[in-house]
Amino acid sequence: PDALLNDQANYWCQGSATYDDDNRGTPGAPNEPCGYVSCIEGNEERDLVEPSLGSVVISEALVNPSSTDTGKEWIEIYVAGDTAVDLNRMVITSHNAEAESTETSEITTLACISGEPGEYLVIGASSDIETNGGVTVDGVASGLSLLNAAGASITISRRNQVLDTVVLGEPEAGVSWMLDDGLLTVDGNDADGAFCEAPDSATGYFEGLGTPGAANG
């Protein structure tokens, strides 16, 4: 509750509590969290542990599913810092090489999306296994869509601070781009050749090739 911060439209969210048959909100009572500074763990609200530059790294992405793309793209984020972080309200943006096309989605879940140091978290468009091609996701970014043209970039940010950006090559259908496990830093994943196509051995987790939620090798 700040007279300057409330000038930002994206710090507001729609009410979820119903107070009569047709309307939702909390008139005259404390507001529910929107997920910017707090999240729900179990049944308790707690402060978010916001990621900082260098604490989270884009480590894998499926940008071109082998079947219908809708709902089946995903991104994997490695927790590179030395403390746990929450990914709530993280924004995922995908640009093509000419920056003429942009896709943006946001993790709006109120439940805490928390990762411990060394963990790999998967963000997808749906938590439904059948819908998203068999991938178990840790967080949902509704409408997540990743551009699959060569040279397209993926950026993760929070509160308008860019946390990491990668540029990927021409994808093969049903095969993820995976970051070499020796380059798990925001600088390392910018190196030429840092990402490779998942090999045939990297399967069994979902209908394509990749290691969502697990070490890449």
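## Brief notes about the overall build of the protein chain
The number of helices and strands found in the protein chain is zero helices and 14 strands. Tracing the protein chain from N to C terminus, the helices and strands come up as β-β-β-β-β-β-β-β-β-β-β-β-β-β. For the protein chain, whose C-alpha radius of gyration is 18 Å, the value lies close to the compact-globule estimate of 17 Å for 217 residues. Projected onto its principal axes, the C-alpha coordinates of the protein chain cover approximately 55 × 35 × 35 Å. Considering only residue pairs separated by 6 or more positions, the protein chain has 60% of its internal contacts joining residues 24 or more positions apart.

## A closer look at the state of the cysteines
Taken as a whole, this structure holds two disulfides when the rule is applied. Here C13 engages in a disulfide with C34; their sulfurs sit 2.0 Å apart. Around the S-S axis, the bridge from C13 to C34 shows a dihedral of about -85° and counts as left-handed. Of the two residues, C13 is situated in the segment before β1 (38-41) and C34 in the segment before β1; the sequence distance between them amounts to 21 residues. At a sulfur-sulfur separation of 1.9 Å, the disulfide partner of C39 is C112. Across the S-S bond linking C39 and C112, the dihedral sits near 95°, which makes this disulfide right-handed. Separated by 73 residues along the polypeptide, C39 in strand β1 and C112 in the loop between β7 (102-106) and β8 (114-115) bring together distant segments of the chain. What makes C112 buried here is its relative accessible area of 16%. With cysteine numbering restricted to those in disulfides and following the sequence, the protein chain has the pairing 1-2, 3-4.

## Brief notes about the layout of surface pockets
Gaps left between atoms are located by rolling a probe of water-molecule size over the structure's atoms. Of the volumes computed, that of the largest pocket is approximately 830 Å³. The class makeup of the residues in the lining of the largest pocket is ten nonpolar, ten polar and five charged.

Parameters at a glance
- Residues numbered from 1 in each chain as written.
- Predicted model: local features only at pLDDT ≥ 70, side-chain atom pairs only at ≥ 80, totals over all residues.
- Heavy atoms only, no water.
- Helix = DSSP H or I, 4+ residues; strand = E, 2+ residues; numbered from the N terminus.
- Rg over C-alpha atoms; globule rule 2.2 N^0.38 Å.
- Contact = heavy atoms within 4.5 Å.
- Disulfide = S-S within 2.5 Å.
- Buried < 20%, exposed > 50% of the residue type's maximum accessible area, 1.4 Å probe, protein only.
- 1 Å grid on protein atoms, 1.4 Å probe; cavity = no way out; pocket = protein on both sides within 12 Å on 5 of 7 lines; lining within 4 Å.
- Points joined across faces, edges and corners; volume = space filled by probe spheres on them.
- Nonpolar A, V, L, I, M, F, W, Y, C, P; charged D, E, K, R; others polar.

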